[in-house]
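Each chain, written out:
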Amino acid sequence: MRNHFSLSNFLLALVLLLGLLLTITSLAQVPEASAGVNAQLSLTPTPFFRFPVVPNAEVSSKFDHYGDYDYVQDGYITFHDGQQSTPGNGFWFACPELGSSDWVGCEIAASSEATCPDDEELWYDAHYGIDFEYAANWRTGSECNLSQFAGITRPVYAPAAGKVQIIQLDNTYNGNAIFILHDLDGDGSYDDDKIRSAYLHFADNSIAVNVGDIVSEGQYLGLGGMTGKAWTPHLHFEVQRSNDPTFLTSKWPVDPYGWSGSGSDPWDYDNYPLWRYEVELPIMLKGFGDTYEPNDSFSAAYKIASDNWYYSYIWSESDQDWFQFNVFVPANQARYIEVWLESIPTGEDYDLALYRPNNSQLGFSYNSGNADEYIKKHVTQGGWYRARVTGYQDSSSQTDSYRLRVVVSEAPVIRAPYP
Ligand SMILES: [Zn+2]
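A brief structural summary. Residues take numbers from 1 onward in each chain, read along the sequence in its written order. This being a predicted model, a pLDDT of at least 70 is required before a residue's local features are given, and a value of 80 or more before pairs of side-chain atoms are given or counted; all residues contribute to the totals for chains, interfaces and linings. Note that the side-chain values use all heavy atoms of the structure and ignore hydrogens as well as water.

Some details on the overall build of the protein
Looking only at helices and strands, the protein has two helices and 22 strands in total. Classification of the 419 residues of the protein by burial places 48% in the buried group. Of the roughly 19,900 Å² that the protein leaves accessible, carbon and sulfur atoms contribute 53%. Secondary structure follows DSSP: runs of H or I at least 4 residues long count as helices, runs of E at least 2 residues long count as strands, and numbering of each begins at the N terminus. Between buried and exposed lies partly exposed: a residue is buried under 20% and exposed over 50% of the maximum accessible area for its type, with that area taken using a 1.4 Å probe on protein chains only. The accessible surface values rely on the Shrake-Rupley method and a 1.4 Å probe; as for residues, cover is taken only from the protein chains in view.

Right under this line is the structure:
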């Protein structure tokens, strides 16, 4: 017993000493002014991230440049382009049953609105990362009801090569999370450039990498979910820098969108654009590669659900995209099948065709140019129907997606006229 007691005393002393050293070290190294922070950054990164989620995640919340790194909600949100919400232009979103609330600002001023228009929300105040939503109905008003999001996940991929530094499990705020170090200066080492990316809220038992792993761009990291402090299934993506390669003594988040507003950046750290692709709000993900492949034939058609938008690409002249959806028609009833093909890239001409379960063509829409395509058909036979998207002549785009939606709805039974 005595020996054990001594050992634990010794360990306690060691822990206290280490803690003291750490405190002194961190006090010594935490910069007092942001100018000091900036002065310590010797590297100006060139954009190297592609987007970490596919397919089709929307960005719901970007980086708030206004305020200090203190998570204090001050009623202002400043976007990377300099647009700013003002107090009263936005609303407190509260979930009493979750014991939490957030200030949600609007990008564009609108008088006395209770909520922001969908595309003008800037979820949310004092947010230091980018949120990629997985659920189609993530928007305002639905967030308090977590059960509706049960089981919704999306694969998350490394947006750049790196080295897995930390994996957290069941963290109160982050849930299951991954931190990845990156090589900015191209010297082959991920350990010395003091920049890392963080990925929060993975589903339980889904993280597919280990600490120390070298991951390549596009490598599967795990299934994004909503563990930790999350009201919707989403990926919180955050880029952090430090003046310490271990990130133990200091760290601060930076905005991968950089700063393009007029005047000086209120977030007084170095914010460089790190995305390799065009910025949009909301973002439909670009530059990750073709989605739903291989779906180049009737038999390889990708299964889709009714009344959802699917975003994909005609990747090359020879690419064609097939989608299949199940139509259930009860006896003596009928259904309408409607198919929309929209957002065809400028300068391209895509066409749409509809096929019966036996691979015979039921309808087509071959409008010229990038005009929308639409088909509506009345059917009495059930089964797996197909929608086919093709590029006319040499039309294709690897940067701009199209979107496709199918809706199956009840239809009147059309009886043959009596003879
Ligand atoms: Zn977030």
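So that's the structure; there's more coming.
Regarding unusual backbone geometry
Phi at aspartate 170 takes a positive value of approximately 60°, unusual for a residue other than glycine. Within the fold, aspartate 170 resides in strand 7 (residues 162–171). Given a relative accessible area of 61%, aspartate 170 falls into the exposed group. The phi dihedral of glutamine 393 falls on the positive side, at around 50°, and the residue is not glycine. Note on placement: glutamine 393 falls in the loop between strand 21 (383–391) and strand 22 (402–411).

Notes on the coordination of the zinc ion
Any N, O or S atom lying within 2.8 Å of the metal counts as a donor, with the limit raised to 3.2 Å for Na, K and Ca; because water is left out of the atom set, some sites can appear incomplete. Note on the zinc ion: its protein donors are His127 (NE2), Asp131 (OD), Asp131 (OD) and His236 (ND1). The metal-donor distances range over 1.9 to 2.8 Å. The geometry test gives tetrahedral to four donors whose angles all lie between 85 and 135 degrees, gives square planar to four donors and octahedral to six donors whose opposite members are over 155 degrees apart with all other angles between 65 and 115, and gives irregular to the rest. Seen from the zinc ion, its four donor atoms lie at angles of 52 to 162°, and the figure they make is irregular. Between the donor residues of the zinc ion, the gaps in sequence give the motif H-x3-D-x104-H. For the pair histidine 127 and aspartate 131, one class covers both residues: buried.

Focus: the sheet that holds strand 17 (residues 334–342)
Reading across the sheet, the four strands line up as 15-22-17-20 and stay open at both edges, with antiparallel pairing between neighbours. Since the sheet does not close on itself, it has two edges, and those belong to strand 15 (309–312) and strand 20 (373–379), each with one partner. Across this sheet, the average inter-strand angle for adjacent strands is 15°, counted without regard to direction. By the convention used here, strands pair only if DSSP detects at least 2 bridges between them. What counts as an axis is a line fitted to C-alpha atoms, over the stretch in contact for a helix, and the angles between N-to-C directions run from 0 to 180 degrees.

Quick word on the pattern of salt bridges
When a carboxyl oxygen of Asp or Glu lies within 4 Å of a side-chain nitrogen of Lys or Arg, that pair is called a salt bridge. The tally for this structure, following the rule as stated, stands at four salt bridges. A salt bridge links arginine 50 to glutamate 217; the nearest nitrogen and oxygen atoms lie 3.3 Å apart. Here arginine 50, found in the loop between helix 2 (34–39) and strand 1 (58–61), pairs with glutamate 217, found in the loop between strand 10 (214–215) and strand 11 (220–224); they are 167 residues apart in sequence, far enough to count as distant.

With respect to the side chain of glutamine 165
Note on placement: glutamine 165 falls in strand 7. Nitrogen and oxygen atoms within 3.5 Å of one another constitute a polar contact, given that in protein one can donate a hydrogen and the other can accept it, and given that sequence-neighbouring residues count only through two side-chain atoms. Within the local environment of glutamine 165, its side chain forms a polar contact with the side chain of arginine 196, the two groups lying 2.7 Å apart. Within polar-contact distance, the side chain of glutamine 165 engages the backbone oxygen of threonine 246 at 3.2 Å.

Thoughts on the side chain of glutamate 342
Note that glutamate 342 resides in strand 17. Among residues more than four places away in sequence, those in contact with glutamate 342 are Trp309, Asp372, Tyr402 and Arg403. Only heavy atoms enter the contact rule, under which two residues are in contact if any of them lie within 4.5 Å.

Some words on the nonpolar core
Each nonpolar core is a collection of buried residues, namely Ala, Val, Leu, Ile, Met, Phe, Trp, Tyr and Cys, held together in the definition by side-chain atoms within 4.5 Å. By size, the foremost hydrophobic cluster in this structure holds 33 residues, and its most contacted members are Phe132, Tyr199, Leu221 and Phe237. Among the secondary structure elements, those contributing two or more residues to this core are strand 5 (130–133), strand 8 (175–181), strand 9 (195–202), strand 12 (234–241) and strand 13 (252–254). Those residues in contact with phenylalanine 237, other than ones at most four positions away along the chain, are Phe49, Pro52, Gly129, Ile130, Phe132, Pro159, Ser197, Ala198, Tyr199, Pro256 and Trp275. In this structure, Ile304, Ile314, Val327 and Tyr385 belong to the second largest nonpolar core, which totals 24 residues.

Overview of the pairing of strand 21
The buried count for strand 21 comes to eight of nine residues, which makes it a mostly enclosed element. In terms of strand pairing, strand 16 (residues 320–327) meets strand 21 through eight bridges, oriented antiparallel. By the bridge assignment for strand 21, asparagine 326 is matched with tryptophan 384. In the sheet, strand 18 (residues 350–355) pairs with strand 21 via six bridges, with the strands oriented antiparallel. In the strand pairing of strand 21, tyrosine 355 is matched with arginine 386.

Description of the sheet that holds strand 19 (residues 361–365)
If you walk across this open sheet you meet the five strands as 14-16-21-18-19, and the pairing is mixed. Of all the strands in the sheet, just strand 14 (302–303) and strand 19 have a single pairing partner and so form its edges. The pairing of strand 14 with strand 16 spans two bridges and is classified as parallel. If you follow lysine 303 over to strand 16, its bridge partner there is glutamine 324.

Brief notes about the environment of tyrosine 366
Along the chain, tyrosine 366 falls in the loop between strand 19 and strand 20. Taking the relative accessible area as the measure of exposure, tyrosine 366 reaches 40% and is therefore partly exposed. On a C-alpha basis, the gap between tyrosine 366 and aspartate 349 in space is 8.9 Å, while along the polypeptide they are 17 residues apart. In this view, tyrosine 366 contacts Asp351, Leu352, Ala353, Gln361, Glu373 and Arg388; residues no more than four positions away in its chain are not counted. Here arginine 388 takes part through its side chain, which lies 3.5 Å from a polar atom of the side chain of tyrosine 366.

Notes on the packing of aromatic side chains
For this analysis, a ring pair means two rings from Phe, Tyr or Trp (six-membered ring only for Trp) whose centres lie within 6.5 Å, classed as stacked if their planes differ by under 30 degrees, edge-to-face if by over 60, and tilted for the remaining angles. In this structure the tally under the stated criterion is 25 aromatic pairs. For the ring pair tyrosine 69 and tryptophan 267, a centre distance of 6.3 Å and an interplane angle of 75° mean the geometry is edge-to-face. With tyrosine 69 in the loop between strand 1 and strand 2 (90–95) and tryptophan 267 in the loop between strand 13 and strand 14, this pair connects stretches of sequence that are 198 residues apart. A network of ring pairs unites the aromatic residues Phe48, Phe49, Phe132, Tyr199, Phe237, Tyr257 and Trp275 as a single cluster. Lysine and arginine charges are scored as sitting over a ring when NZ or CZ, respectively, is within 6 Å of the ring centre and within 35 degrees of the ring normal. Above the face of the phenylalanine 298 ring, arginine 386 is positioned so that its terminal group lies 3.8 Å from the ring centre. It is arginine 405 that lies over the ring of tryptophan 340; its NZ or CZ is 4.3 Å from the centre.

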